[in-house]
Amino acid sequence: MNTGMQNLVGLDRQELERLAQSLGKATYRGRQLYQAIYRRRAPGIAALTDLDRDLKRVLSAQYNVDYPRVQVVFTSKDGSARYLLRLQDNTLIETVYMPEEQRVTLCLSSQAGCAVDCRFCFTALLGLQRNLSAGEILGQALAVVKAREILPGTRLNLVFMGMGEPLLNLAQVMKAVHILADPQGFGIPLRRITISTSGIVPRISEMARDPGRPKLAVSLNASTEEQRTELMPINRKYPLRDLLRACRAYPLRPRELLTFEYVLLDGFNDTDADAQRVAKLLRGMRAKINLIPYNSGPELSYRASPVEKALAFQQILAGHRIPAYIRISRGQDIGAACGQLRLKGMRNGDTIA
Ligand code: SAH
Ligand code: SF4
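Predicted model only: the values in this text are computed from it and were never measured.

Reading the values: the criteria
- Residues numbered from 1 in each chain as written.
- Chains lettered and ligands numbered in written order.
- Predicted model: local features only at pLDDT ≥ 70, side-chain atom pairs only at ≥ 80, totals over all residues.
- Heavy atoms only, no water.
- Salt bridge = Lys/Arg side-chain N within 4 Å of Asp/Glu carboxyl O.
- Helix = DSSP H or I, 4+ residues; strand = E, 2+ residues; numbered from the N terminus.
- Buried < 20%, exposed > 50% of the residue type's maximum accessible area, 1.4 Å probe, protein only.
- Contact = heavy atoms within 4.5 Å.
- Near = heavy atom within 4 Å.
- Nonpolar A, V, L, I, M, F, W, Y, C, P; charged D, E, K, R; others polar.
- Polar contact = N/O pair within 3.5 Å; in protein donor to acceptor, adjacent residues only side chain to side chain.
- Areas by Shrake-Rupley, 256 points an atom, 1.4 Å probe, with all protein chains shown as cover.
- Axes fitted to C-alpha atoms, helices over the stretch in contact; angles between N-to-C directions.
- Left-handed = near helix turned anticlockwise from the far one by under 90°.
- Phe/Tyr/Trp six-rings, centres within 6.5 Å; stacked < 30°, edge-to-face > 60°.

Comments concerning the pattern of salt bridges
Then, number 1: A complete count under the given rule lists 17 salt bridges for this structure.
Then, number 2: Lys25 is paired through a salt bridge with Asp54; the nearest N and O atoms lie 2.8 Å apart. With a gap of 29 residues between them, Lys25 in the loop between helix H1 (13-22) and helix H2 (27-39) and Asp54 in helix H3 (residues 53-62) connect regions that are remote in the sequence.
Then, number 3: For Arg82, the salt bridge identified is with Glu94, shortest N-O distance 2.3 Å. In this pair, Arg82 is assigned in strand E4 (residues 81-86) and Glu94 in strand E5 (residues 92-99), connecting sequence segments 12 residues apart.
Then, number 4: Judged by relative accessible area, Glu94 falls into the buried class, the value being 2%.
Then, number 5: Via salt bridges that share partners, Lys25, Arg29, Asp52, Asp54 and Arg57 belong to a single interconnected network.

Concerning the environment of Arg327
Then, number 1: Within the fold, Arg327 resides in the loop between strand E14 (324-326) and helix H12 (340-347).
Then, number 2: The class for Arg327 is partly exposed, based on a relative accessible area of 33%.
Then, number 3: A C-alpha to C-alpha distance of 5.3 Å links Arg327 and Ile292, two positions 35 residues apart in sequence.
Then, number 4: Excluding anything up to four places from it in sequence, Arg327 contacts Met161, Asn290, Leu291, Ile292 and Pro293.

Description of the site of ligand 2
Then, number 1: Around ligand 2, the neighbouring residues are Cys114, Val116, Asp117, Cys118, Cys121, Ala124, Gly164, Glu165 and Ser198.
Then, number 2: Broken down by class, the residue content of the shell around ligand 2 amounts to 5 nonpolar, 2 polar and 2 charged.

Examining the site of ligand 1
Then, number 1: The environment of ligand 1 is made up of 20 residues, and the closest members are Gly164, Ser196, Ser219, Asn221 and Asn295.
Then, number 2: Backbone polar atom of Gly164 to a nitrogen atom of ligand 1: 2.9 Å apart, as the coordinates give it.
Then, number 3: At 2.6 Å, a side-chain N or O of Ser219 approaches an oxygen atom of ligand 1.
Then, number 4: Computed on the free molecule, ligand 1 has an accessible area of 540 Å², of which 92% lies beneath the protein chains in the complex.
Then, number 5: Taken together, the elements giving at least two residues each to the shell around ligand 1 come down to strand E10 (193-197), strand E12 (258-264) and strand E13 (287-293).

Section: the packing of helix H10 (residues 272-281) against helix H11 (residues 307-319)
Then, number 1: Put simply, H10 and H11 touch, their axes get as near as 9 Å, and they point 30° apart. When you trace H10 past H11, the crossing you get is right-handed. When H10 is examined against H11, the residues Asp272, Asp274, Ala275, Gln276, Val278 and Ala279 are found in contact with a partner set consisting of Ala312, Phe313, Ile316 and Leu317.
Then, number 2: Class assignment of the residues belonging to the contact of H10 with H11 gives a composition of 7 nonpolar, 1 polar and 2 charged.

Things to note about the packing of aromatic side chains
What characterises a pair of aromatic rings is the spacing of the ring centres plus the angle enclosed by the ring planes.
Then, number 1: One pass over the full model with this rule turns up 4 aromatic pairs.
Then, number 2: The interplanar angle of 65° and the centroid separation of 5.2 Å between the aromatic rings of Tyr34 and Tyr38 together place this pair among those described as edge-to-face. With a gap of 4 residues between them, Tyr34 and Tyr38 both fall in helix H2, about one helical turn apart.
Then, number 3: Seen in terms of ring centroids, Phe268 and Tyr302 are 5.9 Å apart; in terms of plane orientation they differ by 85°. Their pairing is edge-to-face.

Written out as structure tokens, the structure reads:
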């Protein structure tokens with residue numbers, strides 16, 4: 001519902017300070033607002049208890065603190081949950097909640113749909129609907145934190161591995177990341193925030209120059225140029241050779257590793273020869289590989305590799321001293337691959353509830 005109100009979620013500290021000033025208040029009132037919205041996660045203007053009453057009254061005439069609405073939630077047997085969230089203009093996006101023993105990981109979307117068109121990906125089938133604003137990115141974290149009643153002390157990890165290509169919406173993604181990582185804001189350390197990219201080479205170099213950059217994960221998914229182009233047509237524009245050069249030049253903090261993601265597709269990119277080639281491509285890099293079991297669906301013909309193949313792949317990489325982890329696939333029973341929910345929603349005319 002569009003109420004004509006302006007959402008305060010998405011404004012950074014300077015913007016909120018300027019807003020306070022423009023309403024005839026002291027600058028520190030803007031800072032209070034900032035902390036209330038992101039650090040205390042106050043769910044509405046009425047909940048901004050430490051603000052002066054006059055400011056609250058003035059604000060509530062024109063502004064609100066609005067999170068995306070939960071349209072539907074699918075909870076998996078393994079405890080993970082997939083949220084279909086509705087934005088103000090009724091656009092639907094997905095956010096995933098994954099609890100582990102000591103921490104919670106949230107998987108955020110950066111765009112509604114995606115233009116990159118990877119052949120194995122369900123989000124690709126939606127095409128690109130639009131970029132998300134910083135407020136809509138932050139709103140996903142705030143909405144799920146509220147829905148799950150996650151307490152401020154809980155160890156949170158954030159990964160931009162939902163719908164969309166974060167590096168094709170870099171300005172809004174980085175604005176959100178700065179607020180997420182700010183101790184006075186959301187307060188999640190940069191080392192617990194990861195941006196995953198299909199390999200937009202010039203934007204990787206741009207990210208490399210930002211001192212506030214989070215961790216980087218690169219979707220490799222293939223062992224040769226030809227194979228990668230077949231899976232990810234973006235490889236024509238940004239070939240593997242250039243991508244790996246940008247990765248080698250990427251500045252890493254002490255103890256930080258680059259992450260490569262490799263979705264194992266049965267009979268396509270999962271042979272011993274593929275593993276040998278991947279080891280060669282990554283030789284000498286400070287990197288690890290996450291081997292991702294494929295989530296299949298009726299719309300696409302790719303299938304997951306058998307477990308033995310994944311283990312053999314991992315062994316070969318380990319033999320070359322490349323740490324490789326087989327990611328446990330969460331939410332298999334709820335259509336957990338990004339885009340799968342939305343795709344269902346589209347088929348039903350967005351009426352699932
Ligand atoms: N656009 C970014 C981030 C979103 S996709 C990127 O491509 O990196 C996040 C990860 O999910 C990518 O590594 C992608 O290869 C993987 N992925 C996409 N569809 C998948 C599926 N159906 N099953 C398993 N992994 C998938
Ligand atoms: Fe877009 Fe990533 Fe899916 Fe490729 S894998 S289509 S880049 S969301």
